[in-house]
Amino acid sequence: MKAVIFDLDGVITDTAEFHFQAWRNMANSIHIDFDREFNEELKGISRMDSLNKILDYGGVIDNYSDEQKEELADSKNNEYVSLLSELKPEHIYPGIKKLLDALKENDIKIGLASASKNGPTILDRLGITNYFDVIVNPALIENGKPAPDIFLKAALDLGVTPEECIGIEDAEAGIKAIKDANMFAVGVGTVDVMKKAGADIVLENTKELVFSSLLDAFKQT
Ligand code: B16
Ligand code: MG
C-alpha cells in the first residue's frame, strides 16, 4: 500500500446537510419540492448531474436551456458556499485526523478524489490541506463517478499504480469508481449497500478507519 485516496463529503466531513438545504431552496424557487430520501440520490454526483436529476424529478427538465441551468446551479452554489463558512476543524469526522497522522508517519501518500469543486475550500476550513499530496480538480475530469477517472488521476499524480492504492468512499457511485480503477475499496456506511456496490471491506463509522487495520485488510488481497 503506497497511497490512500479519500472521498471528501461523507468520509472526511459531512456537508450533505448544506447541499440539501441549498438544493431544496433552489428547487423550491422553481416550484419543485423534494425530501431527504430523494436527496440521497444526489450524494457523490456532480453539481450539474444533481441539478439534472432535480429537474427530471420535477418533470421540467426540457423547460430549461443550458444557460438557465448554469444560473440555477450558480444560485445553489452561492448559498452552499455561504453555509460552508459555518464549517470548523471540529467538524472533521472521528478517526480521520488520527488516520491522516498515521499515514504521514508511515510515508503513505494522501490524495483527494472529491466530485466537489469546493473541495479545497472545505479542506482549508477544516485545517487539513497540508496533509494532501494531491487534490484532483474535478473540473478537469471528463467522466464523473461512477467512472474511475478521478481515482486514476489521483494515482497518476501521486506517482503510484492503482493496485498500490486504497480508496475510501461513502457513496455507491464512488465505490464503483474505485473498483473500476482497480483499487482496494473501503466503504463507509451500510454494509448491504456498500457490499452491493463492490466494497472490499465496509466500516460503519469513520472511527474504524485505523491505519493498522487498513494495512492488514489490504495485505490479505
Ligand atoms: P460541488 P464528494 C460531492 O462530494 C457531494 O457528495 C455531492 O453531493 C456534490 O453534488 C458534489 O460533491 C459536487 O459538489 O457542487 O461543491 O462541486 O462526496 O465527491 O466529496
Ligand atoms: Mg462522498
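Residues numbered from 1 in each chain as written. Chains lettered and ligands numbered in written order. Predicted model: local features only at pLDDT ≥ 70, side-chain atom pairs only at ≥ 80, totals over all residues. Heavy atoms only, no water.

**Notes on the packing of helix α1 (residues 16-29) against helix α4 (residues 66-84)**
- α4 packs onto α1 with a crossing angle of 145° between their chain directions and a minimal axis gap of 9 Å. The element α1 and its partner α4 pack so that their crossing is right-handed. From α1, Phe-18, His-19, Gln-21, Ala-22, Trp-23, Asn-25 and Met-26 reach across to α4, where they touch Leu-72, Ser-75, Lys-76, Glu-79, Tyr-80, Leu-83 and Leu-84.
- Looking at the contact of α1 with α4 residue by residue, the class counts come to 8 nonpolar, 4 polar and 2 charged. (Axes fitted to C-alpha atoms, helices over the stretch in contact; angles between N-to-C directions. Helix = DSSP H or I, 4+ residues; strand = E, 2+ residues; numbered from the N terminus. Left-handed = near helix turned anticlockwise from the far one by under 90°. Contact = heavy atoms within 4.5 Å. Nonpolar A, V, L, I, M, F, W, Y, C, P; charged D, E, K, R; others polar.)

**Comments concerning the nonpolar core**
- Counting residues in hydrophobic clusters, the biggest one holds 38 residues, and the most contacted among them are Phe-6, Ile-12, Phe-132 and Ile-168.
- It is helix α5 (residues 96-105) that contributes the most residues to this core, 5 residues altogether.
- Non-local contacts of Ile-12, meaning those with residues more than four positions away in its chain, are made with Phe-6, Asp-7, His-91, Ile-92, Tyr-93, Ile-96, Leu-112, Leu-126, Ile-128 and Phe-132.
- By size, the runner-up hydrophobic cluster in this structure holds 23 residues, among which are Ile-5, Ala-155, Cys-165 and Ala-199. (Core = buried A, V, L, I, M, F, W, Y, C linked by side-chain atoms within 4.5 Å. Buried < 20%, exposed > 50% of the residue type's maximum accessible area, 1.4 Å probe, protein only.)

**Topic: the environment of Met-26**
- Along the polypeptide, Met-26 turns up in helix α1.
- Under the relative-accessibility criterion, Met-26 is labelled buried at 3%.
- Excluding its chain neighbours within four sequence positions, the residues that come into contact with Met-26 are Leu-51, Ile-54, Leu-72, Ser-75 and Lys-76.

**Overview of the coordination of the magnesium ion (ligand 2)**
- Distances from the magnesium ion (ligand 2) to its protein donors, namely Asp-7 (OD), Asp-9 (O) and Asp-170 (OD), fall within the range 2.0 to 2.2 Å.
- In primary-sequence terms, the residues that donate to the magnesium ion (ligand 2) follow D-x1-D-x160-D. Note that Asp-9 is positioned in the loop between β1 (3-6) and α1 and Asp-170 in the loop between β4 (165-169) and α8 (172-180), a separation of 161 residues in sequence. (Donors = N, O, S within 2.8 Å, 3.2 Å for Na, K, Ca; no water.)

**With respect to helix α6 (residues 119-126)**
- Where α6 is concerned, the buried positions are Gly-119, Ile-122, Leu-123 and Leu-126. All buried residues of α6 lie within an arc of 100° about the axis, which places them on one face of the element.
- In the core, the buried residues of α6 are packed alongside α4, β2 (109-112) and β3 (134-135).
- Two residues or fewer past α6, Gly-127 is found with a positive phi of approximately 75°. (Arc of directions from axis to C-beta.)

**Quick look at the side chain of Ser-116**
- Assignment of secondary structure puts Ser-116 in the loop between β2 and α6.
- Classification of Ser-116 by relative accessible area gives buried; the value is 15%.
- Separated by 2.9 Å, the side chain of Ser-116 and the backbone nitrogen of Asn-118 make a polar contact.
- Setting aside anything within four residues of it in sequence, one finds Ser-116 in contact with Ile-122 and Pro-138. (Polar contact = N/O pair within 3.5 Å; in protein donor to acceptor, adjacent residues only side chain to side chain.)

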